Amino acid sequence: MSESFPRLSARTRRFTLGVPRGFTISPDGGRVVFLRTKSGTDPVTCLWELDTRDHVERLVVDPRTLNADEENLPPEERARRERSRESAGGVVGYAADKEVAKAVFALSGELYVTVLATGDTQKLETPGGVIDPRLSPDGRTVAYVSQGALRVQDLATGDDRALAAPESDTVTYGLAEFIAAEEMDRMRGYWWSPDSDALLVERADEAPVRTWYIADPANPSKPAAEQRYPAAGTPNAVTELFVIGLDGSRVAVPYEQEYLTTASWDSHALSIVTMSRDQKSLRLFTVDPATGASTLVREDSDPAWVDVVGGVPAHLDDGSLVWVAAHEGGNRLFVGDRAVTPPTLQVRDVLDVDHDSVLFRASGDPTEIQLWTWDGHSLLPVSTRSGVFSGRMSGGVGVLTEQTLDAEGVSTTVVLRDGMALPIPSVAERPGLDLRVSLGRSGRRELATAVVLPSWHEPGSRKLPVLMDPYGGPHAQRVLARHGGYLESQWFAEQGFAVIVADGRGTPGRGPAWEREVLDDLATPALEDQVDALRGVAEQYPDDLDLSRVGIRGWSFGGFLAALAVLRRPDVFHAAVAGAPVTDWRLYDTCYTERYLGHPDEQPEVYDRSSLFGDAAKLERPLLLIHGLADDNVVAAHTLRLSSALLAAGRSHIVLPLSGVTHMTPQEVVAENLLLLQVEFLKKSLGG
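Fair warning: this is a prediction, and the values are worked out from it, not measured in the lab.

Caption draft 1: Quick look at the overall build of the chain. Along its length, the chain carries eleven helices and 44 strands. Computed over its C-alpha atoms, the radius of gyration of the chain comes to 25 Å, within 12% of the 26 Å expected for a compact globule of 688 residues. The C-alpha extent of the chain, read off along each of the three principal axes, is 70 × 55 × 55 Å. The buried share of the chain, taken over its 688 residues, is 58%. Considering only contacts within the chain whose residues lie at least 6 apart along the sequence, 59% involve residues at least 24 apart. Total accessible area on the chain is roughly 26,700 Å²; 49% of this is exposed by carbon and sulfur atoms. On the chain, the mean spot of the 67 positive side-chain charges and the mean spot of the 98 negative ones are 4 Å from each other.

Structure representation (structure tokens):
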């Protein structure tokens, strides 16, 4: 008997194991280094190299040969993986020198260096658990964080010393603080100089941040874990920057705005980007590393908020600045002071700059993410099929990853200078589902919508109960032209549902104005758009949808939206499964929440409007609340406080607490059974 989809999805980490990722191309384009597990059910990630000249793929590092205990991770590394949503093990990250001759990585808290040409791998002695090791560009020195200190080790002599040591137990050097990692996609806290003689280093002090306690009620003898959590309206960590030389010199780099969003240090400039607490101003500076003095290069502002975009700032060979900003109704690529993309092409991020060419991702149709290049003179499409693409570029060689609706999994191709294409195979498991997805527009606002029907359903033969399956929140998207995005939805459809996935206002791909429709209200537009999408799809499929039996499920913001739906629109939604829902935005973090709702002390009515607590007495439909008790992102207090409000109002509901489970629910048995329990609840609640 073949393995069930829920079990296989859990074992394969939702079919991500075995997919090549983490690509680095050598400057001459001769080699591509990447990460991949050995099979689609193997959670141990290995380091590989493809020689683009002889077309030979070679295993460089297999963690199992290093006798490393994957479970022995420093707590900071566990937190980093939670922030980056990393569910695999082994070599989950690495950093190479400028020539891509050596690579360093941390494994079970130990530091390793490998010579990529030979695979010769050596464990380096360190005084404690290792976080985020990075080689100097010249490959002679490795920097890393251990016990809050930024340390460097000379690879030739083995000399290991602290460049910056924490002054208290609330201080770290070289690590991205919680907000940077969780909300700004900045996973690093230090940057090497191009000459390998100094580093730009973040100092973060969490002393002002309030302490929360994450307890495990299933193990009362275990003390609660302390966590500094910057909830909306409360203090953030204090961050500072220093240029620290290998000779021990230290130069402060002062800045005024609260958030350090990113930094870069290339041959043209040491650059930092900062953002105000209200997120209406973003400033780019160049810094003199000798004095710490900053020069303002540009400032972007917006009455709602400014966006933090990945991959910028960067520079062409001639020093021209590469930047992305909202301008004339579109998210546009700038080279120098000139916008080189039209407002109708929404730039997502910059992936690489190779001499005078820029590789970036952008959307014309919001359901697609295409690859483009700017070659100094014109825009050129790299991808031409409908789908979701990404890639890298260096030395005239490109790596192209492709996901489409009509093909399973992720396809990876190396494109050489002469146009020859070399595949990097994926060994991911096949989900074994017959995908039946139709993408289109629905409702008054022409919402991007996916309709997922059972593979066995004959159109017009019967009306199916409906399951809305949204995320629905800002800056995230579900309706994309890629097969892997609908596997769970298709599995739910196979259980007898017509599944609808809809992206409403606030989601990316349709321009700045569309994204800013959720300003000051995360509840009303999101819920209205789910109702609008449902009615629009019902008009398109009048003989296939039973609107008297409509359920909704979601996780995180999707969980908030699911609970909101049955509380405020019981006339439309008849049952809800809310996983790890945000129930009161005062309990969520500063950066995400204040971007959309402002400061709670200044706009309390805005927070009340987006809270679920005031609607507790309205519940008249079945509601299943699911929450991991170890969740340090959306803490379990969200669900427990909503449950208390529902109980006080005399409203029946079900709470499923998950002991030891975080926001990602990586545990195999938990992930499998969560799908089965949701189907059981929905069938029972909707009848049939």
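On we go.
Caption draft 2: Layout of helix α6 (residues 524-540). Its 17 residues give α6 an end-to-end C-alpha distance of 24 Å, which sits within 8% of 24 Å, the value for a rise of 1.5 Å per residue. Counting buried positions over the 17 residues of α6 gives twelve, a clear majority of the element. Those residues of α6 that fall on the buried side of the exposure criterion are Pro525, Ala526, Leu527, Asp529, Gln530, Val531, Asp532, Ala533, Leu534, Gly536, Val537 and Ala538. Contacts made by the buried residues of α6 are with β37 (437-442), β38 (447-452), β39 (464-468), β40 (498-503), β41 (545-555) and α7 (557-568).

Caption draft 3: Representation of the packing of aromatic side chains. Taken as a whole and assessed by the stated rule, the structure comprises 17 aromatic pairs. Taking 5.3 Å as the distance between ring centres and 80° as the angle between the ring planes, the aromatic pair formed by Trp491 and Phe492 counts as edge-to-face. Look at Phe492 and you get buried, because its relative accessible area is 0%. Measuring from ring centre to ring centre gives 5.0 Å for Tyr592 and Tyr596, while their planes differ by 70°; the resulting arrangement is edge-to-face.

Caption draft 4: The arrangement of the pairing of strand β11 (residues 141-146) in detail. The element β11 is extensively covered by neighbouring structure, given that six of its six residues are classed as buried. With burial as the criterion, each face of β11 is covered, one bearing Thr141, Ala143 and Val145 and the other bearing Val142, Tyr144 and Ser146. Note: strand β10 (residues 131-135) against β11, three bridges, orientation antiparallel. Residue pairing in the sheet places Leu135 in a bridge with Val142 of β11. A loop of five residues connects β10 with β11, the two strands running antiparallel in sequence, and Gly139 in this loop sits at a positive phi of about 75°. Bridge count between β11 and strand β12 (residues 149-154): six bridges; the pairing is antiparallel. Residue pairing in the sheet places Ser146 in a bridge with Ala149 of β12. Hairpin connection of β11 to β12: two residues between the antiparallel strands, including Gln147 at a positive phi of 55°.

Caption draft 5: Looking closely at the environment of Thr24. Along the chain, Thr24 turns up in strand β1 (residues 21-25). With 369 residues separating them in the primary sequence, Thr24 and Met393 have C-alpha atoms 8.8 Å apart. With sequence-adjacent residues up to four places away left out, Thr24 is seen in contact with Arg31, Val32, Val33, Tyr94 and Val100. A distance of 2.8 Å separates the side chain of Thr24 from the side chain of Tyr94, its partner in a polar contact.

Caption draft 6: Here's a closer look at the nonpolar core. Ranked by internal contacts, the top residues of the largest apolar core, which has 85 residues, are Trp323, Leu333, Phe360, Phe573, Trp585 and Leu623. Take this core: its biggest share by element is nine residues, from α7. Those residues within four positions of Leu623 in sequence are excluded, and the remaining contacts are Ala563, Val566, Ala576, Ala578, Leu646, His653, Ile654 and Phe681.

Caption draft 7: Broad picture of the sheet that holds strand β21 (residues 259-265). Across the sheet, which stays open at both edges, the four strands sit in the order β21-β22-β23-β24 with antiparallel pairing between neighbours. Edge positions in the sheet fall to β21 and β24 (294-301), since each of these pairs with one other strand and no more. Ignoring which end each strand starts from, the neighbouring axes of this sheet average 20° apart. The pairing of strand β23 (residues 281-287) with β24 spans seven bridges and is classified as antiparallel. The partner of Ser281 across the bridge, within β24, is Ser301.

Caption draft 8: The arrangement of the packing of helix α4 (residues 487-494) against helix α11 (residues 668-686) in detail. Contact geometry for α4 and α11: axes closest at 11 Å, N-to-C directions at 45°. Judged on the interaxial angle alone, α11 and α4 are oblique. The two elements α4 and α11 cross, and the hand of that crossing is right-handed. Counted together, Glu488, Trp491 and Phe492 of α4 and Leu675, Leu676, Gln678, Val679 and Leu682 of α11 form the full contact between these two elements. Class assignment for the residues of the contact of α4 with α11 results in six nonpolar, one polar and one charged.

Caption draft 9: Summary view of the sheet that holds strand β32 (residues 379-381). Strands sit in the order β29-β30-β31-β32 across an open sheet of four strands; the sheet is antiparallel. What marks the edges here is a single partner per strand, and that holds for β29 (346-354) and β32. The average undirected angle you get between the axes of adjacent strands in this sheet is 30°. Here five bridges tie strand β30 (residues 357-363) to strand β31 (residues 370-374), and the two strands are oriented antiparallel to one another. Residue pairing for β31: Arg361 is matched across the bridge by Leu371.

Caption draft 10: Spotlight on the environment of Glu167. Turning to its location among the elements, Glu167 is positioned in the loop between β13 (160-164) and β14 (171-173). Along the primary structure Glu167 and Asp205 are separated by 38 residues, whereas in three dimensions their C-alpha atoms are 9.5 Å apart. Dropping the residues within four chain positions of it, Glu167 is found in contact with Tyr173, Arg203 and Arg250. At 2.7 Å, the side chain of Glu167 forms a polar contact with the side chain of Tyr173. Separated by 3.1 Å, the side chains of Glu167 and Arg203 make a polar contact.

Caption draft 11: View of the pattern of salt bridges. Across all of its chains, the model carries 44 salt bridges by this definition. Across the salt bridge formed by Arg36 and Glu57, the nearest N and O atoms sit 2.4 Å from each other. Of this pair, Arg36 sits in strand β2 (residues 31-37) while Glu57 is found in strand β4 (residues 56-61), placing the two residues 21 residues apart along the sequence. Taking the relative accessible area as the measure of exposure, Arg36 reaches 5% and is therefore buried. We note a salt bridge from Arg553 to Glu488, for which the minimum N-O separation is 3.3 Å. Highlighted residues: Arg553 in strand β41 and Glu488 in helix α4, separated in sequence by 65 residues. This pair shows no difference in class: Arg553 is buried, exactly as Glu488 is. By sharing partners, the salt bridges in this structure join Arg14, Asp469, Arg478, Glu488 and Arg553 into a single network.

About the criteria used
- Residues numbered from 1 in each chain as written.
- Predicted model: local features only at pLDDT ≥ 70, side-chain atom pairs only at ≥ 80, totals over all residues.
- Heavy atoms only, no water.
- Helix = DSSP H or I, 4+ residues; strand = E, 2+ residues; numbered from the N terminus.
- Rg over C-alpha atoms; globule rule 2.2 N^0.38 Å.
- Buried < 20%, exposed > 50% of the residue type's maximum accessible area, 1.4 Å probe, protein only.
- Contact = heavy atoms within 4.5 Å.
- Areas by Shrake-Rupley, 256 points an atom, 1.4 Å probe, with all protein chains shown as cover.
- Lys, Arg positive; Asp, Glu negative; His and termini not counted.
- Charge placed at Lys NZ, Arg CZ, Asp CG, Glu CD.
- Expected span 1.5 Å × (residues − 1).
- Phe/Tyr/Trp six-rings, centres within 6.5 Å; stacked < 30°, edge-to-face > 60°.
- Pairing = 2+ DSSP bridges.
- Polar contact = N/O pair within 3.5 Å; in protein donor to acceptor, adjacent residues only side chain to side chain.
- Core = buried A, V, L, I, M, F, W, Y, C linked by side-chain atoms within 4.5 Å.
- Axes fitted to C-alpha atoms, helices over the stretch in contact; angles between N-to-C directions.
- Parallel < 35°, antiparallel > 145°, perpendicular 65-115°, else oblique.
- Left-handed = near helix turned anticlockwise from the far one by under 90°.
- Nonpolar A, V, L, I, M, F, W, Y, C, P; charged D, E, K, R; others polar.
- Salt bridge = Lys/Arg side-chain N within 4 Å of Asp/Glu carboxyl O.

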